[in-house]
Amino acid sequence: MTIARGMTLLEVMVALAIFALAALSLVRTTGQQMVAISAMEEKTFATWVADNKQAELRLSNTWPNLSWTEGTEEMANQKWYWRWKGVETEDEKFRALDVEVRLDPKSENPRATLRTYVNR
């Protein structure tokens, strides 16, 4: 006579607990990746805004002021707050141009910061 053996209730509960932990881990990892992707997207758009501002200043042949100049720009359905200023260098013919871009004008940490050099 053959005895049919199945899984006990304890074995089923242990298996369900293992699957539940695996599912929770997967959901947590996916959530973290979504936050990282969002931050990377914001940084990419902020860098594009800063690149555009640098290009505008270079094309206008503007010698950068040593004080901050501020403004806003619309990109990707968001309002970006930028500011730029010139920074003295050792060579009088060159000036560094710093551009910072933020989502919030009161934020201390810019989403993107770029520096380039312009000559007279």
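To be clear, the structure that these remarks concern was listed above.
A brief structural summary. All chains use their own residue numbering, which begins from 1 and follows the written sequence. Given that this is a predicted model, residues contribute local features only at a pLDDT of at least 70 and side-chain atom pairs are listed and counted only at 80 or more, while totals for whole chains, interfaces and linings are drawn from all residues. Water and hydrogen atoms were dropped before computing side-chain values, which therefore reflect all heavy atoms in the structure.

Considerations on the overall build of the protein chain
- In DSSP terms, a helix is any run of H or I states spanning at least four residues, a strand is any run of E spanning at least two, and both are numbered starting from the N terminus. Per the secondary structure count, the protein chain includes one helix and four strands.
- Taken from the N to the C terminus, the helices and strands of the protein chain come in the order α-β-β-β-β.
- Over its C-alpha atoms, taken along the principal directions, the protein chain stretches across nearly 100 × 30 × 25 Å.
- Looking at the protein chain as a whole, 22% of its 120 residues are labelled buried.
- Contact criterion: two residues are considered in contact whenever any of their non-hydrogen atoms come within 4.5 Å of each other. In the protein chain, of all internal contacts separated by at least 6 residues, the share reaching a separation of at least 24 is 43%.
- Just so you have it, the protein chain exposes about 9300 Å², and 58% of that area is on carbon and sulfur atoms.
- Positive: Lys, Arg. Negative: Asp, Glu. His and the chain ends are not part of the count. For the purpose of locating charges, the reference atoms are NZ of Lys, CZ of Arg, CG of Asp and CD of Glu. If you average the places of the 15 positive and of the 16 negative side-chain charges in the protein chain, the two averages end up 2 Å apart. Each residue is placed in one exposure class: buried if its accessible area under a 1.4 Å probe, protein chains only, is under 20% of its type's maximum, exposed if it is over 50%, and partly exposed if it falls in between. Per-residue and other accessible areas were derived by the Shrake-Rupley procedure at a 1.4 Å probe size, with only the shown protein chains allowed to occlude residues.

Looking at the layout of surface pockets
- The calculated volume of the largest pocket comes to roughly 160 Å³.
- Cavities and pockets are defined on a 1 Å grid built over the protein atoms alone: a cavity is a set of grid points where a 1.4 Å probe fits but cannot escape, while a pocket is an open set with protein on both sides within 12 Å along at least five of seven lines, and lining residues are those with an atom within 4 Å of any such point. Lining the largest pocket are L57, R58, N61, T62, W63, Y117, V118, N119 and R120.
- Mapped onto the lining of the largest pocket, the elements with two or more residues apiece are α1 (9-59) and β4 (112-119).
- Looking at the lining of the largest pocket, the element that brings in the most residues is β4, giving three residues.
- Of the residues that constitute the lining of the largest pocket, the class distribution is four nonpolar, three polar and two charged. Grid points are joined across faces, edges and corners, and a volume is the space filled by probe spheres set on the points. Any residue that is not Ala, Val, Leu, Ile, Met, Phe, Trp, Tyr, Cys, Pro, Asp, Glu, Lys or Arg is counted as polar, Gly included; the first ten are nonpolar and the last four charged.

Quick look at the pattern of salt bridges
- Salt bridges are counted wherever a side-chain nitrogen of Lys or Arg sits within 4 Å of a carboxyl oxygen of Asp or Glu. The full count for this structure, using the stated rule, is six salt bridges.
- Linking R95 and E88 is a salt bridge whose minimum nitrogen-to-oxygen distance equals 2.9 Å.
- Using a relative accessible area of 10% as the deciding quantity, one classes R95 as buried.

So, the side chain of R95
- When you line up the elements, R95 lands in strand β3 (residues 94-102).
- Looking at R95, its side chain comes within polar contact range of the main-chain oxygen of P64, at 2.4 Å.
- Within 3.5 Å is the distance limit for a polar contact, defined as a pair of N or O atoms, with the added protein rule that one can donate a hydrogen and the other accept it, and that residues adjacent in sequence qualify only through two side-chain atoms. In this structure the side chain of R95 is engaged in a polar contact, spanning 2.9 Å, whose partner is the side chain of E88.
- Not counting chain neighbours up to four residues away, the residues in contact with R95 comprise W63, P64, N65, L66, G86, V87, E88, T89, T116, Y117 and V118.

A short note on the pairing of strand β1 (residues 69-75)
- Note: β1 against strand β2 (residues 78-88), seven bridges, orientation antiparallel. Bridge pairing in β2 places E70 opposite R83.
- One requirement defines pairing of two strands: DSSP has to find at least two bridges between them. Connecting the antiparallel pair β1 and β2 is a turn made up of two residues, with A76 showing a positive phi of about 55°.

Quick look at unusual backbone geometry
- The residue A76 is not glycine, and still its phi comes out positive at about 55°.
- Within the secondary structure, A76 sits in the loop between β1 and β2.
- Look at A76 and you get partly exposed, because its relative accessible area is 41%.
- Positive phi outside glycine occurs at N77, with the angle close to 60°.
- Looking at the element boundaries, N77 is found in the loop between β1 and β2.
- You can call N77 exposed: its relative accessible area is 76%.

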